Structures are given as C-alpha cells and as structure tokens.
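Examination of the molecular architecture
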Amino acid sequence: MAQITLIEAVTQALAWEMAHDPAVVVLGEDVGVNGGVFRATQGLQQKFGPERVIDTPLDETTIAGLTVGLAAQGMKPVAEAQFEGFIYPMMEHIACHAARMRTRTRGRLHVPAVYRAPWGGGIRAPEHHSEANEHLFTNIPGLRVVMPSSPARAYGLLLAAIRDPDPVMFFEPKRIYRQYKEEVPDDGEALPLDVCFVLRDGSDVTLVTWGAQVKETLEAADALAKEGISAEVIDLATVKPLDFDTIAESVAKTHRCVIVHEAPRTAGFGAEIAARLAEHSMFDLYAPVERVTGYDTHIPLFRLEMKYLPSVQRIVEAAKRTLTV
Amino acid sequence: MAQITLIEAVTQALAWEMAHDPAVVVLGEDVGVNGGVFRATQGLQQKFGPERVIDTPLDETTIAGLTVGLAAQGMKPVAEAQFEGFIYPMMEHIACHAARMRTRTRGRLHVPAVYRAPWGGGIRAPEHHSEANEHLFTNIPGLRVVMPSSPARAYGLLLAAIRDPDPVMFFEPKRIYRQYKEEVPDDGEALPLDVCFVLRDGSDVTLVTWGAQVKETLEAADALAKEGISAEVIDLATVKPLDFDTIAESVAKTHRCVIVHEAPRTAGFGAEIAARLAEHSMFDLYAPVERVTGYDTHIPLFRLEMKYLPSVQRIVEAAKRTLTV
Amino acid sequence: MSTCASFQIEHLQYLDAEGKLRAAAPPLAKDFEQLVALYRQMLFVRVFDAKSVALQRTGKLGTYASCLGHEAVHVGVGSALRPEDCFAPSYREYGAQFCRGVQAREVLMYWGGDERGNDYSGPRHDFAWCVPIATQCLHAAGAALAYKLRKEPRAAVCCVGDGGSSKADFYGAINVTGAMTLPLVAVIINNQWAISVPRKAQTGAQTLAQKGIAAGLPCVQVDGNDLIAVRAAMDTALERARKGGGGTVIEAVTYRLSDHTTADDARRYRDDAEVKAAWAREPMKRLRAYLEAHKAWDEKKEEAWKAECAARVDAEVNAYLESKSQPVTAMFDYTYAELPVDLARQREAAIAREQGH
Amino acid sequence: MSTCASFQIEHLQYLDAEGKLRAAAPPLAKDFEQLVALYRQMLFVRVFDAKSVALQRTGKLGTYASCLGHEAVHVGVGSALRPEDCFAPSYREYGAQFCRGVQAREVLMYWGGDERGNDYSGPRHDFAWCVPIATQCLHAAGAALAYKLRKEPRAAVCCVGDGGSSKADFYGAINVTGAMTLPLVAVIINNQWAISVPRKAQTGAQTLAQKGIAAGLPCVQVDGNDLIAVRAAMDTALERARKGGGGTVIEAVTYRLSDHTTADDARRYRDDAEVKAAWAREPMKRLRAYLEAHKAWDEKKEEAWKAECAARVDAEVNAYLESKSQPVTAMFDYTYAELPVDLARQREAAIAREQGH
Ligand SMILES: Cc1ncc(C[n+]2csc(CCOP(=O)(O)OP(=O)(O)O)c2C)c(N)n1
Ligand SMILES: Cc1ncc(C[n+]2csc(CCOP(=O)(O)OP(=O)(O)O)c2C)c(N)n1
Ligand SMILES: [Mg+2]
Ligand SMILES: [Mg+2]
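Everything numeric in this text was worked out from a predicted model, so none of it was measured.

Counting residues at the interface gives 43 residues for chain B, matched by 46 residues for chain D. When the area that chain B buries against chain D is broken down by residue, the three leading residues are Gln73(B), Arg106(B) and Arg108(B), summing to 26%. Salt-bridge contacts for Arg345(D) lead to Asp245(B); the nearest nitrogen and oxygen are separated by 2.7 Å. Those elements that provide at least two residues to the side of chain B that touches chain D are strand E3 (53-55), helix H3 (60-72), helix H4 (91-98) and helix H5 (101-104) of chain B. In terms of residues, the side of chain B that touches chain D owes the most to one element, H3(B), which gives 8 residues. Residues of the side of chain B that touches chain D, tallied by class, amount to 16 nonpolar, 13 polar and 14 charged.

Here we come to the interface of chain B and chain A. Taken together, the contact pairs 48 residues of chain B with 48 residues of chain A. Interface area for chain B against chain A, summed over the two sides, is near 4,300 Å², with a carbon-plus-sulfur share of 58%. Ranking the residues of chain B by area buried against chain A places Arg100(B), Asn139(B) and His298(B) at the top, with a combined share of 18%. Our enumeration of links across chain B and chain A arrives at 10 salt bridges. With its nearest N and O atoms 2.5 Å apart, the salt bridge here joins Glu127(B) to Arg104(A). Linking chain B to chain A there are 25 residue pairs in polar contact (both at pLDDT 80 or more). At the level of secondary structure, the elements contributing two or more residues to the side of chain B that touches chain A comprise H4, H5, helix H6 (135-138), strand E13 (257-264) and helix H10 (269-280) of chain B. Ranked by residue count, the leading element in the side of chain B that touches chain A is H10(B), at 8 residues. Considered class by class, the residues forming the side of chain B that touches chain A number 26 nonpolar, 11 polar and 11 charged.

This part covers the sheet that holds strand E9 (residues 197-200) of chain A. Residues and elements named next belong to chain A. Taking strand neighbours across the sheet as the criterion, the 5 strands line up as E9-E11-E10-E13-E14 in an open arrangement whose pairing is mixed. The open sheet has two free edges, formed respectively by E9 and strand E14 (290-294), since each of these has just one partner strand. The sheet shows a mean angle of 25° between the axes of neighbouring strands, taken without regard to direction. Sheet topology places strand E10 (residues 205-209) next to strand E11 (residues 231-235); 5 bridges connect them, and they run parallel. Following the sheet pairing, Leu 207 is matched in E11 by Val 233.

For chain C, the domain assignment lists domain 1 (10-326) and domain 2 (327-357). Its C-alpha centre places domain 1 of chain C at a distance of 38 Å from the equivalent point of domain 2 of chain C.

Further remarks concern unusual backbone geometry. Residue Lys240(A) is joined to Pro241(A) through a cis peptide bond whose omega torsion reads -10°. Considering the arrangement of structural elements, one finds Pro241(A) in the loop between strand E12 (238-240) and helix H9 (244-254). Backbone geometry at His255(B) places phi at a positive 70°, although glycine is not the residue there. Positionally, His255(B) belongs in the loop between helix H9 (244-254) and E13. Judged by relative accessible area, His255(B) falls into the buried class, the value being 16%. Of note, the phi angle at Gln192(C) is positive, near 75°, even though the residue is not glycine. Residue placement: Gln192(C) occurs in the loop between strand E4 (184-190) and strand E5 (193-194).

The next thing to look at is the site of ligand 2. Taken together, 21 residues are adjacent to ligand 2, and Glu60(A), Tyr91(D), Arg92(D), Asp162(D) and Gly164(D) come closest. At 3.5 Å from a nitrogen atom of ligand 2 is found a side-chain nitrogen or oxygen belonging to Gln82(A). Within the contact set of ligand 2, an oxygen atom lies 2.8 Å away from a side-chain nitrogen or oxygen of Asn191(D). Expressed as a share of its isolated accessible area of 580 Å², the protein-covered part of ligand 2 is 95%. In the shell around ligand 2, the residues fall into 9 nonpolar, 6 polar and 6 charged.

In the region of ligand 1, 21 residues are neighbours, and Glu60(B), Tyr91(C), Arg92(C), Asp162(C) and Gly164(C) sit closest. Mapping the residues near ligand 1 onto chains gives chains A, B and C. Taking Tyr91(C), its side chain carries an N or O atom lying 2.6 Å from an oxygen atom of ligand 1. Trp193(C) places a polar main-chain atom, nitrogen or oxygen, 2.8 Å from an oxygen atom of ligand 1. Out of a free accessible area of 580 Å², ligand 1 has 95% covered by protein chains. Tallied by class, the residues present in the shell around ligand 1 amount to 9 nonpolar, 6 polar and 6 charged.

Between side chains of opposite charge, a pair can form when the charged atoms approach closely. Residue and element names in this part refer to chain D. Under the definition given, this model contains 102 salt bridges over all chains. Residues Arg 288 and Glu 299 are paired through a salt bridge, measuring 2.5 Å at the closest nitrogen-oxygen approach. With a gap of 11 residues between them, Arg 288 in helix H11 (residues 283-293) and Glu 299 in helix H12 (residues 299-322) connect regions that are remote in the sequence. Using a relative accessible area of 44% as the deciding quantity, one classes Glu 299 as partly exposed.

Conventions adopted
- Residues numbered from 1 in each chain as written.
- Chains lettered and ligands numbered in written order.
- Predicted model: local features only at pLDDT ≥ 70, side-chain atom pairs only at ≥ 80, totals over all residues.
- Heavy atoms only, no water.
- Contact = heavy atoms within 4.5 Å.
- Buried area = accessible area lost by both parts, 1.4 Å probe.
- Salt bridge = Lys/Arg side-chain N within 4 Å of Asp/Glu carboxyl O.
- Helix = DSSP H or I, 4+ residues; strand = E, 2+ residues; numbered from the N terminus.
- Nonpolar A, V, L, I, M, F, W, Y, C, P; charged D, E, K, R; others polar.
- Polar contact = N/O pair within 3.5 Å; in protein donor to acceptor, adjacent residues only side chain to side chain.
- Pairing = 2+ DSSP bridges.
- Axes fitted to C-alpha atoms, helices over the stretch in contact; angles between N-to-C directions.
- Domains from an automatic or database assignment.
- Buried < 20%, exposed > 50% of the residue type's maximum accessible area, 1.4 Å probe, protein only.
- Near = heavy atom within 4 Å.
- Areas by Shrake-Rupley, 256 points an atom, 1.4 Å probe, with all protein chains shown as cover.

Given below as structure tokens:
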C-alpha cells in the first residue's frame, strides 16, 4: 500500500472503477496517451485501451454533450474539462440536460456522469488556468458539486461520484494535487457524498472551507492553537447538496464561524453557509460570521495571485475577530 | 406622453439610444422583422435598418462572441438571448472576455455591451423558457447584473446599461412585461446603476427582492399593512454590484428582513444578502433573516409552476415569522 | 497550385410535386402496401396536428409546435429506424415518434405542461423532446459512441432544423462523428425558417448538406417532401451506420407551412405568396396522387382513414384532458435518485403548504 | 439524383522544402528587399523564442508557448496586415505581432504573469492574447462586423490552431462571416498537434480548409512553411475582405517543432522520427536557401543579424526582468471603469493588509 498524492488518488480511483465496471469510460482533451496535462489519467489508456480512454476533438461543448448521450445510454462517462476555467461551453449540456434529464423524463432517463476539472489558483499558471467557479453550479438543481481536499477523500469521493446515479461536478484543487502523500488503500471503498468532514475538533471557533483552502485553514488552526484558540475545521467536500447540519452542530458548540473560500466573495458559496447560519443558528452565534475569500476581482495573473488568495494570516485574523466581539 | 408597459419601455429605451448614439446596434435571433419573440425590438429594424438591428444565425456562442468583438471595436452592442434559459452558450464569452477585457488589457480594450434576456417563470411557457439564472453571473467580477421591475426602471436602467462602459447583464422579468402601464417620459434620462430602490417605506420589516417578485412582494406589503404591519420594500434593481448600504440602513430601522427571489434557494443571490446581514447587521436583527425562494428543484413545467414560485402568502407568512421571534 | 480535395453534393428526388416518379426509384416506390401504411401514418399526424393547434386555440393546451408540411420527412425518418436504434428529436417530429410508439397523448401532455409526456411509451431509450436548439445532436452522437463502444449494431439519429444547423452542437456532433466514425445520422430538416429568420440568413452555404464536408462525412440533400427520397437516403445512411461505416449528414428540404409555434404569427415576417407556393410542393398531395395513380388509394379510403384518425385522436385528447395534475411532490421526486436532506425538508414544507391552503 | 453543388480545395506552395520555386510565383518572390526584411523578422522571432524558453527553464518566466516552426505563417500573416486591420491572435503568434509593433518585452510580461503585457504598443485595437481556444475567431468576426457597419475598408484576421478548428467558436465565426459577408480572414494554423492530440483525431475531414465550405466561404490550403505562399493567400484574402467581398478560410499546414508549451513534454506522445522529418520542411531553411541562391543573403549577414537579434532580445529581456510588480491596487483598478462601493472597500482592505505586513 503506497503513499500517494491527491492526483494519484484520482488516477487510482479511475483505474479501480474502470477495472470493476465496464461501463466507465474517460473522455476529454489529452486524457489518452498524454495522461492528462496534470497526469490524472496517466497510464489508463495503456491499461484500458483507446476505446475507454478517449481523446476528444477540442470542443468542450462536444465533450459535455457526448457525455450526456453516453450516460443516458448506459455508460458511466467521466469527462474532463482540462481546466475549470474552460468549463463554460459545457454548461448548457450540464444544466439543461445532465442535471435535468431525470426530472424531464420522470426518471425514464438519467445521467450518471462525472465532470472532472482541475480547479483553483496558486500554481503560477497562465491566464484562465486558475479559476474557482463552483458558484456556476451550486444553484443548479439536480447536480452534485464535490471537491476533495486530501488523497483519501479524492479516492473515496471520486468512486462515489462515478457510482452516483446523478451527475457530479468533481473539482480537483490543483494547488494541492501534490501537496503531500498519504496511504490510500486501493480497496474500492467509496466515501459518502452529501456529507461534510470534520477534519479537526475544536471548541472556540468553527472554520468551514473546501478545496485547496483546506490547507491554509488547517494551518490557521495550528497557528490559532499556538495562541490557545481551539478551532474546529470542517471540509465541505460535497459543496452541493450541502450538509448544513454538521456545520450547525459545530457552530452550536463554538458559537463562532469563519468561512474560507477561494472564489470571489460576492455570491460565492460562502454566502449560502453564512445565510443558513443567519437563518438557523442566529441565536447560537456570539459574533458575526466572517468570510475570508477571494476579492470581487478576477484572479490576477500569477505575479499578484498570492495577494488574491486567502492567506493563513487572513484566516487567523478573522477567527480572532469573531473572538473579540 | 403615453402610458407604457415594461416591455414597451425596453423598446423605447433602445429606440432612444439608437437614435442618439450611432454606435448602438441590436443583435440576436428574431430581433429584426419579427421584433423579438416578445416584441422588445418591435419596429426598430424599420426605423434603423437591418444594419443596426441584426438577425444573427441561431447560435448563442456566435451572438456572445460577436458582441465582444463589436464592443471592443467601438460599437455598443445590445445582444439578446431569446430566453435566459438559452444563455449558457454565451457564458464563455461573457465571463472570459466581456467581463475580463478591461482587466486583461489594463484598460486598453473594454466591452461596453449589454446582454439582454427575458427572465423568469410564470407565463405558462414551454420547457427552458422560465429560468431565473442570475446566479450564473453574480459571482463573476467585472459584470453588472441588472433587473428592472417597472416600466420606468426598465427605461432608465436600460439606458444606463447601454451607456455604461462595462458589460451589463440585463434580465427582463417577462412575467411582468405587460403587468401594468405607467407614464415613462421618453427623455433619455438614465437611472443610476448600482443602486437599490426603496419602493415603499416601512418600519416593521424589510422585504428585499428583485425582478418579477417585486409584484408579489408589494402585494404582500399591502396584505401586511391590512394587518397593521408596516413593511419596507426594496427592489435591488442592480443585483450586482450590490448596494448593500441601502438594505443595511433599512434593516437597522426595521430589525427584520425577508428576502424574496424566484431562483432556487441554495446559492441564490438571496444568500449573499443574508450573509451580509449576518456579517454587518447581526446586532440590528431581532429575528433570523428569512428567504422566500424557489425550491432547490428545476422549475416544473407549467402545470405545476405556480406551486414553485414564491407566493404572496409565503412572503406574508415569512414576514410574520420574523415578527414573532 | 494543385487541387487537394473535391466534393459533390447530390440532390435526391423521386416523386415530384405532381406525384410523378422522376428517376429510377428504389423498391419502396413499388411496395404499395408499405407506401400506403406510411401515407396513413402521415395523414394521422396531420389530423393530430390540426387538432393540437385547435386545442391550443381554445386554451386546452400550452404553446404547441405544429409539424404541418413535415409529414414526409418525419415519417420517412421514423419509419426507417429500428426499435433498438436511438432517436433524438427536437420538438416537432411527432411523425417520426409515432412510428416508434410514442403516443399522441404524450405529445399533448408535454405541451400541456406536464413532464410525464416525456416518459414515452416509445422506445424507452429514445431521447426526450429537446428545446435547447441542436443539443440533441450531441446526445445522439454520445448514444452512437455508446453503441460503438459496446459493439452493438445500432444507429442514432438526430433531427435538427435549418436554424439549428448553425449552432455549435450541430458542428460538434458531426465533427466527432467523422473523427470517431460513429453510427450517427444527422438529419437537417430545412423548412426554410427558424422562427422569423429565413434560411439564407443562417449561412452563406449554398446547401446545408455541405456542412457534412467540414466533418469529412458523406452528405446528401433530399427533397424532404418526397417520402421515397427521404426513406432512400435514410436507409442508405442507417445501413452504413449499423455496419460500422460511420455517419451521414442528410439535408431534407421542406417547408414549415404553419407558424413556428402557436405563440408565433408568421404573417409578420413572410409572404403569403411564398406559403402558397410551398403548399403546391407539400408532401401529402404528391404521395396521394402517386398512390391513386397506382390504384393503391382513393377518395373513399381517404375519408374512411381520416374519420378513423379523428376518432383515435379524440380518444388521445380525452385521455390527456382527463389526466390529473401531478402532486406537488413530483417537483422534488425526480431531482435526484434519492432525495438529499435539504430537499426532503423543502418537500415536507411544500406538502404542508398544500395542505394548509 | 442530380449534383447541386461542387467544391474544390486548392493547395498553394511556391517554395519547396529545398528552397526551389515550384510554380509561377507572385511578385513577392522577386522582391528580394522585402523578402529579406521578412526573413530577418522570422529570424528575430526564432532568436526571441529560444531565449524565452531558456528564461522559463531558469525560472525567470512562467509557462511559455513556443512558436518554433511557425515563423513563416506568423510573419506571413502579420506582414500582410495593415495597421488599421485588426489582429486576433491565440497565444503563439508573436511573429505576426512583432510585425505590428507589439514588443518582445510585452510578450515576456504576459508569460511572466503580468497583465501589462497585454497593454500592447502594437495597434491599440488589436485583441489580446487569447487562451480560451478559438474564442478569438468570434471577436475578429465582431470586429469585422463593426468595420462593415461603419463602412471602413478594414479587415479582421484571426489565427486558430488545428485543435481550435474543432471548437464551436471557429464554426460560429466562419458561418456568420459567410452569412453576413464579413471582412474576416480565418487562418487555421495546422501544426499537426493540439497538445498531445494529433490532427487526425480532431476531425475526419481530409483538409481543415474545407471547413470553409460549410460556411460558403472561399477556402484554400497553403504550405505554411512557405512564406511566399502564406503571403499570397493572405494578400488575396485581405484584398477581397477590404473590398467588401467577404471572408476566407486559409489552412496553413506547418508543424509545431517545440513542445506545446514549456509545461509540456512532447516526447510522451510523438515520435522523434516525425519531428525529424518536420525539421526538413521547416520554414527558415528554405527561405534562406532561396535568398542565398539569389545572392540576397549569406552566412555573414546571417551571423550579423543573429547577433543583432540577440542584442535586441537581451535588451527586451532586461526591460522585462527589471519591471516592478504592479501594486496590489492593480487587482481592483481595471475591474470596472469606476470602482463600485463594495470593491472600493475591498481595495482599502487590501492596501491595509499590504501595509500591515
Ligand atoms: C439554444 C436555443 N436558442 C434559442 C431558442 C429559441 N428557439 C426555439 S425554436 C427556434 C428556431 C429553430 O429553428 P430551426 O432550427 O430551423 O427549427 P424549426 O423550428 O424550423 O423546426 C428558436 C430560435 C432555443 N429553443 N434554444
Ligand atoms: C477552451 C479551452 N479548452 C482547452 C484549453 C487547453 N488548451 C490550451 S492549448 C490547447 C491545444 C490547442 O491546440 P491547437 O488549437 O492546435 O493550437 P496550437 O497549440 O497547436 O497552436 C488546449 C487543449 C484551452 N486553452 N481552452
Ligand atoms: Mg427551420
Ligand atoms: Mg495545433
């Protein structure tokens, strides 16, 4: 049982499921011989052949629509958008068809597809390679939006996503693709979707986040601990549908909450969490909810991008603000 | 000075601006001889010719991209998506280019374009003709998202949108296109963008809404008044960038807030308003913020759609809940 | 300068507007039993269509997209398919769908604002009606890819309009079909109008068939008012597809004799003269003339069959009109395979509201 | 069955791989002064390109897209344009852009992660580098429409890759160009690879030029390693465009001699033998041979010009390396023409953070 990175866990999950379910196919740009520009599909074409690991023409509309068609006819396609910033042309098929086929046909047809995409900034990449656009999908009924933040969760959640009978947007935080390794048994065990993961118990403040920001958030919790502040850290993992109960429980205990995300602040998914806290946990809260987020600007090219992304320090400061009210 | 409907106000604003600014052109599907499927561009092609009122091929990608190109080269295009549910293929050009050109080029190029679309449900239309998808755009920096809810505001805001040097999404609540008429002087006077409109003063509860739901919300305020409850009604008008100060001021006075919108609840724009209230107005609020919204389902076909849309009664009930805490 | 590629687009017509055979026709032209069956199918569609428009006019149906004038291409396409093939319609091809087992009451249910219309009795794997223009082309391509991967001798067929042939998805579908040799037949139903936009405003291409050249596919233009030509082109294309020979683009030239939908008023943008001229080329008259010339059909049969169609349609209409609305829970129950917690709570609230009022 | 349309795709080559004229060539072939100027431009690009790759390897530049092997098509395209024409590049056509006044330091700035690179010195109306594949084609079409509406005798030119010619936007752009007779020249730079995906996986079409047929446009395939052929095709297309004759699709066949970008390793997916064979057809050698055969160029000139290129490039590199980062406020200041209230507050907070740390 080897130690693997998050991206290797993605590959491992794909390989497991392809080996055990002949309906699973992978398609996208450069997913074949090249194994994907990040190597997420590395070795899969050699193992499963070009009929199951399919390099498509360069058209995201095509990839998205083919995927709907494949899925509706009994396949389980895992489609890749090469970067999440290139997902826009996929949206009509995702929103109008993948997310809607079951509703439209009263269950006659459904779309068990996964749309994967490397997500987020911080890797000094060119323009349009750093987007954090989960908001594009979180208001669309019928979708799941999943974001793993560790090798083990990447493996377990991707297996769950592929097996799920409904369409899943699976966003991989590329900044932590190779952050660290951990042991991930290749046992085909899926993790539950629609469930948050409490990564660290704490009593003074709840830090809620997802994706790559789990890294900074855990570091912030460490820093806070050094100052005697006990932070609970929750990784949404499945952003939609939201497991709000886990967050509410935590806030009932800590009475404080900081939400951390990479996307722009306004109408980012942090707003939904803060809104629910305002609705359901208002009398639990001793301090206003804080959001530490990207600014309401485009993520800048890489010379400035680290000034855009939420830093450990910003999280620590926000947590402390909730404690000084 | 005639009494006109909301949609006639749209036409009037387009005609005014085309008459006064030769850079303004209108493009889309069926906008020409047919005057648009709702007649928003009625008579414009006769008046300004087919070179300025342009029927495009049936491809939303094309319409969106042409619009970027036109705008970057000195024109002021007003593009139409025939229904807001068909806007998805426009998104790459809107998000990656219209919204970003100024940032990308440090101001060398910019995109003074308007993307109009009839928006929302409740007209017994076929599938995909009832979407309320403002959330697709509210997290995208560089855009304005504007939604008029009266003939006068349609006229003034559309003029402002066309004159604005940045791209504006202009969503027209088709359910109230012909709800009522009012006098709208054709004087070329724009209304300010980025500003909420207080439609009704009140002291007990703040009702915040936008688009077609302004109708039900005002009716709810009437109903509440009959029960001795004084509701303030705010129409966002410009959803993004949000004029939060007006809302905060109102809530500082009423201490209660109900947000009403048509889109699905989770990650709808109501979440942003509730989140800001939780952050900035927590100690002003005497009751949890309520959201009265569409469900987290696709808007059903029309036999059931009125069960999906927020009703006067739901708004009244929510307002009362905030008053009984 | 040297020529590195050259292409021809053929136009296929057997039965002219007068019902005369114009060229050496395929066996179908002499198979009067089958031709009569197809003609009856076409007539059924026409009767159904008129009734549906009337229902809308009297407030008993929502917006409805008429198929008047498309009977030959719709029935030609639908009758060429096998049950195991996959059909991806736009929103107008009832003639094709009736051949496959979709029921008239289902069409009415759909345009009556009820999702149950899409829960077809027809082949359960056929795609639903598709409103976002041309997207069905890629679903059909995906189906074709699924069949190819599973080595099933099945074809997928999509229909798309002249307008729809401008949209991204159409190009994407035919391109991937060529690139991957998929068993897809893309039928462009060129009825000259996309709502108010005439065919010539869609593209500078002389024919829509030639779009197939961009994808390296065989492509052909047929007289879409000639059932025999439509069937001939479909039969060839489907056989090639099912045998692994790849896809085809067929342009069927016809005319939309009706408004775009009942929400449209075509007199705003097109000349009566054009419509009148199109009526002279419509598909039923010529086939009837041909059948009558060959004693396979006559006025009496026509009247009898029309009466039967009317009766059948009435039965379907009644079934539709008597259908009860779905319960409020139906909004929630098909969003996911299993209700997420959140949605379950919203569902409860919706039920409570129903009961409260 | 009758033929209703037919088409030919011509292939244009004047200068073969050995630098021999293969056909009756246009006047440019005898205009050695201009040819030398263009050759020098090509050599400048090549020197710049090698330096940029080196900068990336040593950590002084971000990911960089090399243009090695594309010099003839890039310089051919760029030099054919007039300043008032509009150029819409993808992310690789520095050779074209240098002809138009874009500075090398601006290219470096862009790949160095600084938006100021896009604030070109070149024609201020040219479009920025465009990463979302093929979208630039529609911007060029929009520009072309603007010029047509304003009755300006200007053309718009977009470059797109073999991969990009599969994308929706490309089809949309050429289709609307045909439908509206727009002054757009769409140049498909077929360098055989889209990252790791070979040309044949993109489409079943024998040529990419023939995609123009789908739009009813004149289309031609040229040897993209032959500067003279590229210029000839461009000159013809641009003249037609500026005179109101509408658009053209040009496929320029070349080869990407480099990795896709510095983030790519092409050895993973393509054979050395193929690359080696492509080197034999590369564009510089043949033009140099031709110029030398006509005594317009020689080894000494080559060395002298190379040295000058190196010096110029060094100066540009220094200007880039010495540039200071933009202040944190730059994140905010170009989002809207005027800062909305919200953003102004965020900007203040960001400044405070800068000063705090
Ligand atoms: C993506 C999208 N854009 C716009 C529309 C609105 N619309 C419905 S039908 C239609 C015209 C379609 O014309 P055509 O493809 O020729 O098919 P026809 O209706 O003639 O059968 C349009 C623009 C839509 N349904 N989907
Ligand atoms: C919409 C979109 N999808 C994917 C990518 C990632 N990507 C960048 S370059 C490239 C290949 C482009 O190939 P081609 O069009 O042939 O141009 P070339 O790089 O060969 O010049 C891909 C897939 C992108 N930039 N944009
Ligand atoms: Mg049509
Ligand atoms: Mg290429």
